[in-house]
Amino acid sequence: MTSQLLTSDNPVLRVPPASPAAAAAHFGASLAFHADVSDVATALGAGGDPGFVVLDSRSTASWDQGHVPGAVHLPTALVAERTAGLLDPAVPVVTYCWGPGCNGATRAALALAELGYQVKEMLGGFEYWVREGFAFETWEGSGRRAADPLTAPVDADDCGC
């Protein structure tokens, strides 16, 4: 008897991995729907028009507590009634909310897509924006925290992903 677990006894392989073609389709689609915090920060920091608008879908109290510089504030519950006067339908939108435990950005992205906007969700939300050490704005002014070494490289500009 071998020391390897049978596939049925292995919780990782109990359901076999998808075929390479199915995996490529899935992960390609995922990238069409999501952007990560670091990529958004890089695009915004490059100067000029990044080609998209960032939308904070949280409440006003949350926005005041801290938000991505240059973001548009539009709480999820108001997307249907206020988007037309706020966003250009020709410009893609990147939504965010608090973090991975919040689906407000997903709900805002759905509402925007239903209105005909091209949209992506920023993975990690505001939590990871701050944890990765990017500048933010509050009602009191600008802020920035040191990068969390569990979420971002400490001595490099790029994680190499």
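Going by the structure above, here's the rest.
Draft legend 1. Molecular detail of the overall build of the chain. A tally of regular secondary structure across the chain gives six helices and seven strands. Helices and strands in the chain line up, N terminus first, as α-β-α-β-α-β-α-β-α-β-α-β-β. With respect to the three principal axes, the spread of C-alpha positions in the chain is 65 × 40 × 30 Å. The buried share of the chain, reckoned over its 161 residues, is 35%. Partitioning the intrachain contacts of the chain with sequence separation of at least 6 by distance along the chain shows that 60% fall at a separation of at least 24. Total accessible area on the chain stands at roughly 10,000 Å², and carbon and sulfur atoms take up 58% of it. Positive and negative side-chain charges of the chain, numbering 8 and 18 respectively, have mean locations separated by a distance of 6 Å.

Draft legend 2. Focus on the side chain of T151. On the secondary structure map, T151 appears in the segment after β7 (141-143). In terms of polar contacts, T151 uses its side chain to reach the backbone carbonyl oxygen of R131, at 3.3 Å. Leave out the neighbours within four places in its chain, and T151 touches Y128, R131 and E132.

Draft legend 3. Fine view of the pattern of salt bridges. Per the counting criterion, the structure on display carries three salt bridges. Of the charged contacts in the structure, one is a salt bridge between E127 and R131, with a shortest N-O distance of 3.2 Å. One end of the pair, E127, and the other, R131, are both in helix α6 (residues 125-131), four residues apart, so they sit about a helical turn from each other. For R131, the salt bridge identified is with D148, shortest N-O distance 2.7 Å.

Draft legend 4. Highlighting the environment of D64. If you trace the backbone, D64 turns up in helix α3 (residues 60-65). Sequence separation of D64 and A105 is 41 residues, and the distance between their C-alpha atoms is 17 Å. Discounting residues that sit within four places of it in the chain, D64 has contacts with T138 and W139.

Draft legend 5. A look at the side chain of S62. Looking at the secondary structure, you find S62 in helix α3. For S62, the side chain forms a polar contact with the side chain of W98, separated by 3.3 Å.

Definitions and cut-offs
Residues numbered from 1 in each chain as written. Predicted model: local features only at pLDDT ≥ 70, side-chain atom pairs only at ≥ 80, totals over all residues. Heavy atoms only, no water. Helix = DSSP H or I, 4+ residues; strand = E, 2+ residues; numbered from the N terminus. Buried < 20%, exposed > 50% of the residue type's maximum accessible area, 1.4 Å probe, protein only. Contact = heavy atoms within 4.5 Å. Areas by Shrake-Rupley, 256 points an atom, 1.4 Å probe, with all protein chains shown as cover. Lys, Arg positive; Asp, Glu negative; His and termini not counted. Charge placed at Lys NZ, Arg CZ, Asp CG, Glu CD. Polar contact = N/O pair within 3.5 Å; in protein donor to acceptor, adjacent residues only side chain to side chain. Salt bridge = Lys/Arg side-chain N within 4 Å of Asp/Glu carboxyl O.

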